[in-house]
Amino acid sequence: MRALTLTVLALIPSLGYSAAEKLDVLQNETPIHAPANPQAISKIPADYHFIEPGTLTVATSATNSPPLSLLASDNVTRIGSDPDIARLLADSLGLKLKLVPASWEDWPLGISAGRYDVAMFNIAVTEERKKKFDFATYRADNHAFAVKSDSQISRINSPADIAGKRIIVSSGTNQERILLSWDQQNRAKGLPAVTPIYLTDDASATLTLLSGRADAIFGPHSMAAWKVASRGQTKLVGNGPFRAWVAVTTKKGNGLAPALQTALDGTIAGGQYQQVLARWGEQDEAISQSTVNPPGIVY
């Protein structure tokens, strides 16, 4: 991958931009580390067995989805804000880090089947997911609608705004559920149906939008903001109906979540957490402390 120097602008709630901050993706390949956290280590359950002894095995996105996850210039190493946070967790828990690229559809079964200790896919906490998984929060993310920069669409903030539109969304995500729920409300009022376009590959989704075969993309705010700032081909026109807690996800009842929470809180106090978010342009999604199993999205 060619090294890039991108200008990423920090978003403010009005969908405007503050002063530009230079973010160098090549420089971002340099790992940020955290010291071992004895308090977090002491909270690892005595009967918990890591997938690989002495190693935190983390499932993360196999796709190029900056700033969350992408390949480094060697076309092998996985970098991004999720891998960076995963490294801070492993360091804090006194463990090595093993990142396992996987698909979005794979992480729930992989966690349940014991292939991964945790998953980090920009996973939002929902009440339904809390039945099978435990969570330790590390970001607060909006869901964003993005359109071509020259699109006549100026806002998508309510169900009526999606009526009759072709919108790219990933299957099995909170964005899909919001989209289908809004569409159901519209149909009940006699409004035109939305046309979901299901794509999981970010490059294909972007190409579909820019070629005019879709009207908008509905996805994570951080990804949409990165595209707007780095490429200038799209613009943000609205958010979903709520802000979601993004969390490190592990198997329900395995006791690991409190250790993850304490590890995250240690990196927040130590400043390493803020370094990660700053270099990926996610400062507006920072949290002041991690929470285990907070109230989740209800559908």
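Structure report, in brief. Predicted model only: the values in this text are computed from it and were never measured.

**What to know about the overall build of the protein**
Here's step 1: Broken down by element type, the protein carries 8 helices and 14 strands.
Here's step 2: Along the three orthogonal principal directions, the C-alpha set of the protein runs to about 55 × 40 × 30 Å.
Here's step 3: By residue count, 52% of the 299 residues in the protein fall in the buried class.
Here's step 4: A separation threshold of at least 6 residues defines the contact pool for the protein, and within that pool the share at least 24 residues apart is 75%.

**Section: the pattern of salt bridges**
Here's step 1: Throughout the structure, instances matching the rule amount to 12 salt bridges.
Here's step 2: Across the salt bridge formed by arginine 279 and aspartate 84, the nearest N and O atoms sit 2.9 Å from each other. Placement of arginine 279 in helix 8 (residues 272-279) and of aspartate 84 in helix 2 (residues 81-92) is noted, with a sequence separation of 195 residues between them.
Here's step 3: When its relative accessible area of 3% is taken as the criterion, aspartate 84 is described as buried.
Here's step 4: Note that arginine 187 is salt-bridged to aspartate 183, the shortest N-O span being 2.7 Å. With arginine 187 and aspartate 183 both in helix 4 (residues 174-188) and 4 residues apart, this pair spans about one turn of that helix.
Here's step 5: One salt-bridge network, in which partners are shared between bridges, spans Asp84, Arg87 and Arg279.

**Considering the layout of surface pockets**
To find leftover empty space, one rolls a probe the size of a water molecule over the atoms.
Here's step 1: Computed from the structure, the largest pocket encloses a volume of approximately 680 Å³.
Here's step 2: Forming the boundary of the largest pocket are 41 residues, of which Ser65, Ser170, Thr173, Pro220 and Met223 lie nearest the centre.
Here's step 3: For the lining of the largest pocket, the secondary structure elements donating two or more residues are strand 9 (143-148), strand 10 (166-169), helix 4, helix 5 (202-210), strand 12 (216-220), helix 6 (221-231) and strand 14 (244-251).
Here's step 4: Considering each element in turn, the lining of the largest pocket owes the most residues, 4 residues, to strand 12.
Here's step 5: Taken together, the residues of the lining of the largest pocket sort by class into 19 nonpolar, 15 polar and 7 charged.

**Re the packing of aromatic side chains**
Here's step 1: Inspection of the entire model under this criterion finds 7 aromatic pairs.
Here's step 2: Here the aromatic rings of tryptophan 104 and tryptophan 107 are separated by 5.8 Å at their centres, their planes lie at 75 degrees, and the arrangement is edge-to-face.
Here's step 3: Taking 5.8 Å as the distance between ring centres and 40 degrees as the angle between the ring planes, the aromatic pair formed by tryptophan 226 and tryptophan 280 counts as tilted. Of this pair, tryptophan 226 sits in helix 6 while tryptophan 280 is found in the segment after helix 8, placing the two residues 54 residues apart along the sequence.

**Description of helix 5**
Here's step 1: If you check which residues of helix 5 are buried, you get Asp202, Ala205, Thr206, Thr208 and Leu209. The buried side chains of helix 5 occupy one side of the element, clustering within an arc of 160 degrees when seen end-on. In this structure, helix 5 carries Ala203 and Leu207 as exposed residues pointing more than 90 degrees from its buried face.
Here's step 2: The elements touched by buried residues of helix 5 are strand 9, strand 10, strand 12, helix 6 and strand 13 (234-239).
Here's step 3: Two or three places before alanine 203, at the start of helix 5, stands the capping residue aspartate 201, its side-chain oxygen 3.2 Å from that residue's backbone nitrogen.
Here's step 4: Immediately beyond the C-terminal end of helix 5, within one or two residues, lies glycine 212, with a positive phi of roughly 85 degrees.

**What to know about the environment of glycine 94**
Here's step 1: Checked against the element boundaries, glycine 94 lands in the loop between helix 2 and strand 6 (96-102).
Here's step 2: In sequence terms glycine 94 and proline 35 are 59 residues apart; their C-alpha atoms lie 8.2 Å from each other.

**A word on the pairing of strand 9**
The side chains of a regular strand alternate, residue by residue, between the two faces of the sheet.
Here's step 1: Extensive coverage of strand 9 is indicated by the burial of 5 of its 6 residues.
Here's step 2: Direction of pairing for strand 9 relative to strand 12: antiparallel, over a ladder of 4 bridges. Pairing of phenylalanine 145 across the sheet is with phenylalanine 218, part of strand 12.
Here's step 3: When strand 9 meets strand 13, the two strands line up antiparallel, connected through 5 bridges. Note that in strand 13 the partner of valine 147 across the bridge is lysine 235.

**Observations regarding unusual backbone geometry**
Here's step 1: Backbone torsion omega between proline 66 and proline 67 reads 5 degrees, so that peptide bond is classified as cis.
Here's step 2: Although it is not a glycine, asparagine 75 adopts a positive phi angle of roughly 60 degrees.
Here's step 3: For asparagine 75, the position within the fold is in the loop between strand 4 (70-71) and strand 5 (78-79).
Here's step 4: The class for asparagine 75 is partly exposed, based on a relative accessible area of 48%.
Here's step 5: Of note, the phi angle at asparagine 122 is positive, near 60 degrees, even though the residue is not glycine.
Here's step 6: Among the residues examined, asparagine 122 registers a relative accessible area of 9% and is labelled buried.

Analysis parameters
Residues numbered from 1 in each chain as written. Predicted model: local features only at pLDDT ≥ 70, side-chain atom pairs only at ≥ 80, totals over all residues. Heavy atoms only, no water. Helix = DSSP H or I, 4+ residues; strand = E, 2+ residues; numbered from the N terminus. Buried < 20%, exposed > 50% of the residue type's maximum accessible area, 1.4 Å probe, protein only. Contact = heavy atoms within 4.5 Å. Salt bridge = Lys/Arg side-chain N within 4 Å of Asp/Glu carboxyl O. 1 Å grid on protein atoms, 1.4 Å probe; cavity = no way out; pocket = protein on both sides within 12 Å on 5 of 7 lines; lining within 4 Å. Points joined across faces, edges and corners; volume = space filled by probe spheres on them. Nonpolar A, V, L, I, M, F, W, Y, C, P; charged D, E, K, R; others polar. Phe/Tyr/Trp six-rings, centres within 6.5 Å; stacked < 30°, edge-to-face > 60°. Arc of directions from axis to C-beta. Polar contact = N/O pair within 3.5 Å; in protein donor to acceptor, adjacent residues only side chain to side chain. Pairing = 2+ DSSP bridges.

Function-wise, these values are silent; they only describe arrangement.
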